[in-house]
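Listed below, chain by chain, are the residues.
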Amino acid sequence: MSHQESLTAYIAAFVAELVFSGISDVVVSPGSRSTPMAMVMAEHPELKVHIHVDERSAAFFALGIAKATNRPVAILCTSGTAAANYFPAIVEARYSRVPLIVLTADRPHELREVGAPQAIDQIHLYGHHVKWFAEMALPEKSTEMIRYARTFCARAVAIASAAPAGPVHLNFPFREPLIPKLDEGLFQASERPEGYVKVRNGDLSINDGLLKEIAKQLMGKEKGIIVCGNNADQEFATAVTKLSGLLKFPILADPLSQLRSGKHSLEHIIDAYDTFLRNEDAKSFLKPDVVIRFGAMPVSKALTIFLKENHDIDQFVIDGGGGWRDPATLSTEMIFCNETLFCEKLYTYLKTKSTSRYIEKWKKINDLTKENMAHIRDIAELNEGGLFYQLADFLPEGATLFVGNSMPIRDIDSFFLNNDKGIKVIANRGANGIDGTVSTALGAALYSQPLYLVLGDLTFFHDLNGLIAAKLYNIDINIILVNNNGGGIFSFLPQAEHPKHFELLFGTALNLEFEHAVRMFNGVFTKVKDWDQFHLEMKKTKELKGVNVFEIVTNRDRNRDEHRELWRMVSQEISNFVVGEQK
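Quantities reported herein were computed from a predicted structural model and do not represent experimental measurements.

(A) Up close: the side chain of Asn559. Note on placement: Asn559 falls in helix H22 (residues 556-582). According to the relative accessible area criterion, Asn559 is buried, its value standing at 3%. Among the polar contacts listed, one links the side chain of Asn559 to the side chain of Glu384, at a separation of 3.3 Å. Here Asn559 is in contact with Glu384, Gly385, Met407 and Phe492, once residues within four sequence places are set aside.

Set out below in structure tokens:
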């Protein structure tokens, strides 16, 4: 049996099983050692092969596809530093619980550690940042090795998909020659042609006895709050709002919880907490006696501090991935159960409470805060708070909003308020980095239209080359670029109190004219000069195709002062309200 026959049969079996296991998208970065896998993938009629020459951007592009579809995506690269360039996206996938199938080609064993070109140590290259690693055997065509290839493929997809989802890594050593034989019947399996092994992943649950006990505890509490972080389950909004209605507990909804926008009930959803929980009077007035938390840790630092300050009360953390999302060690009950299932099963043991004075306190302060936050619209100059306050008004029904890290995600938390438009909000909040934001957004845009990306100038610069995917695949995206010429978030941090080296080390003004880079990728660039132009441009975006970048220039110091003045004004109003309520 020839080397080419063994190579082809082995890889074809693996690729066929990828498709049987539910993989429909693969992002391939060109290279020599990965040739056999890439050629066989391109031959499969049910695989969408996306080519991305930069491995770092390619992995983030795949991450975006997986975020948008809630399905695992495969990535393939050659040996050497190509595989190392995957690392930032793998870290993000690990901590944001996104399933990726990482396939790296490698030199065969006899070419390792002997000075062969493009050979690095790829064994456990990503360490604990992947859920599972396997060094695949060299290709053979024996019945046993075909079974092995198919089984390991199905196993990898199942592990990546199982809660908590995440990346897995398979390393493939290939000997030369690398060209497979692409004949008819390439993917016809002689054994189990409909897939070799099906892996059934179930949801974590808890027994009814424990649920009854939890229900009894919660029914005895009046001052409860529900905190919801990042959650991609489309059924969760209905389930948790029903739970809130029964318990009369307000829901503090992070923008990534998908609770601030949609057709579900918004009655008990608190959306301005990041502003009013900076006020000591409000925190004392709203002190809870129990916390139920779902999903990832919230974006808001003010909310995190509020939870820490109430460390002496019961805090339930429900995690369907069986992880340990408790960085402040506050939980008194860690419950490993699917979040939606927990809500649905729990409220069968609950009785509807009458109207709660406690939830009315939250709603009154929330409404008062939003009334005063509306003053951000009165600032005539373009400003960051005003931009994010208006986004929900201008985004179309069912849009996807991808948000960059640093200041944009925090401003979304503060200013993106409840609405019924069904706007999906996505961000890379696993490791909270600015890496690959453009690429991730473009990957999501393949399956989520219309998509709007809002990000800062440093984040845009960091992944400018990611725009090539839009050019290659005609992806439509509207990018709102907030250009404050540097790292705006540092103006809010203690570093800003030490001006001697602040601009050198943290301000990092780049003084870039982004228009040239945007045009290089066939994009259309618009510098927005005032609010009237912004409103007009946003109305046009529903009909626009390709890459459209709208730059809004702001001033870092003025932005910091405007935020602080708004917080000061709101805080004064809240303190006056609390004093009045306590008389």
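Don't stop here, the text continues.
(B) Main features of the packing of aromatic side chains. Enumeration according to the criterion identifies 15 aromatic pairs in this entry. On the basis of an interplanar angle of 40° and a centroid distance of 5.6 Å, the ring pair of Trp132 and Phe152 is categorised as tilted. Within this pair, whereas Trp132 is found in strand S5 (residues 132-135), its partner Phe152 is found in helix H6 (residues 143-161), the two being separated by 20 residues in sequence. When its relative accessible area of 18% is taken as the criterion, Phe152 is described as buried. With a centroid separation of 6.1 Å and 75° between ring planes, the pair formed by Phe306 and Trp362 is classed as edge-to-face.

(C) Main features of the environment of Glu267. By the element assignment, Glu267 lies in the loop between strand S8 (251-253) and strand S9 (269-270). Considering only alpha carbons, one finds Glu267 and Phe416, 149 residues apart in sequence, at a separation of 16 Å.

(D) Expanded view of the sheet that holds strand S10 (residues 290-294). Taken in spatial order, the six strands line up as S9-S8-S7-S10-S11-S12 in an open sheet, and their pairing is parallel. Two strands in the sheet have a free side with no partner beyond their single neighbour: S9 and strand S12 (333-335). As judged from the three bridges shared by strand S7 (residues 224-228) and S8, these two strands associate in the parallel manner. What sits directly across from Ile226, in S8, is Ile251. The strands touched by helix H12 (residues 339-346) are S10, strand S11 (314-318) and S12; relative to S10, the strand with the most contacts, the crossing angle is about 135°.

(E) A look at a nonpolar patch on the surface. Nonpolar side chains collect at one region of the surface, where Leu204, Trp324 and Phe336 lie side by side and expose about 310 Å² of accessible area between them. The topology assignment puts Leu204 in the loop between strand S6 (167-173) and helix H7 (208-219). Residue classification places Leu204 among the partly exposed positions, given a relative accessible area of 34%.

(F) Molecular detail of helix H8 (residues 236-247). If you check H8, its first and last C-alpha atoms are 16 Å apart, about what 12 residues at 1.5 Å a residue would give, namely 16 Å. Of all 12 residues making up H8, nine are buried, and the element is well covered by its neighbours. By the burial criterion, the buried members of H8 are Phe236, Ala237, Ala239, Val240, Thr241, Leu243, Ser244, Leu246 and Leu247. Where H8 ends, the next residue or the one after it, Lys248, has phi of about 60°, a positive value.

(G) Just the pairing of strand S4 (residues 100-106), in detail. The element S4 is extensively covered by neighbouring structure, given that seven of its seven residues are classed as buried. Of the two faces of S4, the one carrying Leu100, Val102, Thr104 and Asp106 and the one carrying Ile101, Leu103 and Ala105 are both buried. The pairing of strand S3 (residues 73-77) with S4 spans five bridges and is parallel. For Val73, the partnering residue across the bridge sits in S4 and is Leu100.

(H) Layout of the pattern of salt bridges. The final tally for this structure, using the stated rule, is 28 salt bridges. Taking the shortest distance from any N to any O, the salt bridge between Glu280 and Lys283 comes out at 3.2 Å. With Glu280 and Lys283 both in helix H10 (residues 280-285), this residue pair falls three residues apart, about one helical turn. In this structure Lys283 comes out as buried when scored by relative accessible area, which is 8%. The salt bridge involving Arg519 is made with Glu515; its shortest N-O contact spans 2.8 Å. Taken together, the positions of Arg519 and Glu515, both in helix H20 (residues 514-520) and four residues apart, correspond to about one turn of that helix. Overall, Arg519 belongs to the partly exposed group, its relative accessible area being 45%.

(I) Representation of the nonpolar core. Grouped together as the largest cluster of nonpolar side chains are 60 residues, with contacts concentrated most on Ile225, Leu252, Phe276, Leu277, Trp362, Leu401 and Phe534. Contact partners of Trp362, with chain neighbours within four places excluded, come to Ile225, Pro250, Leu252, Ile270, Phe276, Leu277, Leu286 and Phe306. Core analysis: the next-biggest nonpolar cluster, separate from the first, contains 50 residues, Phe61, Ala83, Ala93 and Ile477 among them.

Rules and cut-offs
Residues numbered from 1 in each chain as written. Predicted model: local features only at pLDDT ≥ 70, side-chain atom pairs only at ≥ 80, totals over all residues. Heavy atoms only, no water. Helix = DSSP H or I, 4+ residues; strand = E, 2+ residues; numbered from the N terminus. Buried < 20%, exposed > 50% of the residue type's maximum accessible area, 1.4 Å probe, protein only. Polar contact = N/O pair within 3.5 Å; in protein donor to acceptor, adjacent residues only side chain to side chain. Contact = heavy atoms within 4.5 Å. Phe/Tyr/Trp six-rings, centres within 6.5 Å; stacked < 30°, edge-to-face > 60°. Pairing = 2+ DSSP bridges. Axes fitted to C-alpha atoms, helices over the stretch in contact; angles between N-to-C directions. Patch = residues over 30% accessible without salt bridge, like charges linked within 9 Å, V, L, I, M, F, W, Y side chains within 5 Å. Areas by Shrake-Rupley, 256 points an atom, 1.4 Å probe, with all protein chains shown as cover. Salt bridge = Lys/Arg side-chain N within 4 Å of Asp/Glu carboxyl O. Expected span 1.5 Å × (residues − 1). Core = buried A, V, L, I, M, F, W, Y, C linked by side-chain atoms within 4.5 Å.

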